[in-house]
Amino acid sequence: MIRHVLCLLLLAGCPEATEPGVIILVDDDDSADDDDSSDDDDAADDDDSGDDDDSGDDDDSGDDDDVANDDDVSDDDDSDVSITPAAPGDVVITEVYYDAGADDQGLEWLEVFNATSQGIDLKGWTLSDLGSDSHTVANETWIAPFGFVVLAQRGDPSLNGGVPVDYAYGIVDFTLDDAGDELLLTDAYGTAVDIVVYTAANFPDEPGQSMSLSPALTDSSSNDLAASWCGSPDGPWGTGPGEGSPAAPNSACPPLGDDDDATGDDDDATADDDDATADDDD
């Protein structure tokens, strides 16, 4: 604010006044706290310097639209998906629905788990196989610490069997082969964070049932192994006939050996399976 100091001839200490009624403006347009110096339009706490439009706490510097505390850096407009590279295993693939039955186009999905104590945004991450399928996540898709999100071909529950979807990647860029395929998660910096390579011959393959990672083995090394997975023991979800637990912790896999309702060995053995006397899945 410009301070106007009125000096009259009658006032002591006003040597600048030479005639009665002369007004002397101190801290004016060329001095401190005015339009041209500190705390004005050109200096500190004004439009061009500290705490103004061009410097600290203004539109161009700290705590403004372009740097810290704006919408994209920490709480500001232009930066913050405080993107730091992920480490392998920070995000783990924990459930895959790759075989819905005769026609599963648009019904495929996968669940991923944040194995860290920090929220992770998947924007800019890539879901791909080891061939030509590839999709880069276009929108902010946050996974809470130790939380789950579901990535699916379709986001509309009326079209995907009632699956709760956090991000839909479409039916063109990435599809899963019922006979076997790969799921590779790569972060925005190109770090391969997790990969699952499955084959129907060695991994669980029951149409209409998701492939579920044991909740005791939610790390990126364990999920490389077929023995860490089972056909989901959870019931149907949503409106569809599929079985699994999308966006929720998986139930424990049945123990190795005897299974659901049989007297012989099960999916992980070389003898009998669920309810028969002959050889089964392996």
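Just above sits the structure.
So, here is what we can say about the structure in this document. (Residues numbered from 1 in each chain as written. Predicted model: local features only at pLDDT ≥ 70, side-chain atom pairs only at ≥ 80, totals over all residues. Heavy atoms only, no water.)

Describing the environment of Asp156
Okay, step 1: Structurally, Asp156 can be placed in the loop between β7 (148-152) and α1 (157-160).
Okay, step 2: Sequence separation of Asp156 and Ala168 is 12 residues, and the distance between their C-alpha atoms is 8.8 Å. (Helix = DSSP H or I, 4+ residues; strand = E, 2+ residues; numbered from the N terminus.)

Structural notes on the sheet that holds strand β4 (residues 126-128)
Okay, step 1: Strand order in the open sheet made by the 4 strands is β5-β4-β9-β10, with antiparallel pairing throughout. Each of the sheet's edge strands pairs with one partner strand only, and the pair in question is β5 (134-136) and β10 (192-199). When strand polarity is set aside, the average angle formed by the axes of neighbouring strands in this sheet is 10 degrees.
Okay, step 2: Two strands pair when backbone bridges link them, and strand β9 (residues 180-186) and β10 are joined in this way by 7 bridges, in the antiparallel orientation. If you follow Asp181 over to β10, its bridge partner there is Tyr198. (Pairing = 2+ DSSP bridges. Axes fitted to C-alpha atoms, helices over the stretch in contact; angles between N-to-C directions.)

Description of the environment of Leu183
Okay, step 1: Tracing the backbone through its elements, the reader meets Leu183 in strand β9.
Okay, step 2: Measuring from C-alpha to C-alpha, the distance between Leu183 and Leu130 comes to 8.0 Å, with 53 residues separating the pair along the chain.
Okay, step 3: Discounting chain neighbours no more than four positions away, the residues touching Leu183 are Ile93, Val96, Leu110, Ser128, Phe174, Leu176, Asp194, Ile195, Val196 and Tyr198. (Contact = heavy atoms within 4.5 Å.)

A look at the sheet that holds strand β12 (residues 229-231)
Working definition: the strands of a sheet are paired by backbone hydrogen bonds and lie parallel or antiparallel to each other.
Okay, step 1: Reading across the sheet, the 6 strands line up as β8-β7-β2-β1-β11-β12 and stay open at both edges, with mixed pairing between neighbours. The outermost strands of the open sheet, each flanked by one partner alone, are β8 (167-168) and β12.
Okay, step 2: Bridging between β7 and β8 involves 2 bridges; their strand directions are parallel. In the sheet register, Ala152 faces β8, and the bridge partner there is Ala168.

Re the side chain of Glu182
Okay, step 1: Following the sequence through the fold, Glu182 ends up in strand β9.
Okay, step 2: Buried and unpaired, Glu182 has Arg154 as its nearest opposite-charge partner, separated by 22 Å.
Okay, step 3: Within the structure, Glu182 has its side chain in polar contact with the backbone nitrogen of Leu130 (distance 3.0 Å).
Okay, step 4: Excluding its chain neighbours within four sequence positions, the residues that come into contact with Glu182 are Ser128, Asp129, Leu130, Gly131, Phe174, Leu176, Val196 and Val197. (Buried < 20%, exposed > 50% of the residue type's maximum accessible area, 1.4 Å probe, protein only. Lys, Arg positive; Asp, Glu negative; His and termini not counted. Salt bridge = Lys/Arg side-chain N within 4 Å of Asp/Glu carboxyl O. Polar contact = N/O pair within 3.5 Å; in protein donor to acceptor, adjacent residues only side chain to side chain.)

Considerations on the state of the cysteines
Okay, step 1: Evaluated as defined, the whole model comprises 1 disulfide.
Okay, step 2: Between Cys230 and Cys253 runs a disulfide, and the two sulfur atoms are separated by 2.2 Å. Handedness of the Cys230-Cys253 disulfide follows from its S-S torsion of about -80 degrees: it is left-handed. Placement of Cys230 in strand β12 and of Cys253 in the segment after β12 is noted, with a sequence separation of 23 residues between them.
Okay, step 3: Given the relative accessible area of 10%, Cys230 is considered buried. (Disulfide = S-S within 2.5 Å.)

Here we look at the nonpolar core
Okay, step 1: Counting residues in hydrophobic clusters, the biggest one holds 29 residues, and the most contacted among them are Ile93, Val112, Leu122 and Leu183.
Okay, step 2: Elements represented by at least two residues in this core include exactly β1 (91-97), β2 (109-114), β7, β9, β10 and β11 (211-213).
Okay, step 3: Per-element accounting of this core gives the leading share, 4 residues, to β1.
Okay, step 4: Discounting chain neighbours no more than four positions away, the residues touching Val112 are Val91, Val92, Ile93, Thr94, Leu122, Ile143, Gly147, Phe148, Val149 and Leu185.
Okay, step 5: Tyr97, Val150, Val163 and Trp237 belong to the second-largest nonpolar core, a separate cluster that totals 6 residues. (Core = buried A, V, L, I, M, F, W, Y, C linked by side-chain atoms within 4.5 Å.)

Considering the environment of Ile120
Okay, step 1: Considering the arrangement of structural elements, one finds Ile120 in strand β3 (residues 120-121).
Okay, step 2: Residue classification places Ile120 among the buried positions, given a relative accessible area of 12%.
Okay, step 3: Spatially, the C-alpha atoms of Ile120 and Thr84 are 9.6 Å apart, while their sequence positions differ by 36 residues.
Okay, step 4: Those residues in contact with Ile120 that sit more than four places away from it in its chain are Asp90, Val91, Asn114, Trp125, Thr141, Trp142 and Ile143.

Quick look at the pairing of β9
Every other side chain in a regular strand lies on the same face of the sheet, so the side chains alternate between the two faces.
Okay, step 1: Burial analysis of β9 places 6 of its 7 residues in the buried class, the great majority of the element.
Okay, step 2: By the bridge criterion, 3 bridges tie β4 to β9 in an arrangement that is antiparallel. Its bridge partner lying in β9, Leu127 is registered against Leu185.
Okay, step 3: Adjacent in sequence and paired antiparallel, β9 and β10 are bridged by 5 residues, among which Gly190 carries a positive phi angle near 95 degrees.

Focus: unusual backbone geometry
Among all residues except glycine, the phi angle is most often negative; among peptide bonds, the trans geometry is most common.
Okay, step 1: The backbone of Phe146 sits at a positive phi, close to 55 degrees, despite the residue not being glycine.
Okay, step 2: A positive phi angle is found at Ala247, which is not glycine, with a value near 70 degrees.
Okay, step 3: Structurally, the position occupied by Ala247 is in the segment after β12.

Any functional reading would require information beyond the geometric quantities listed.
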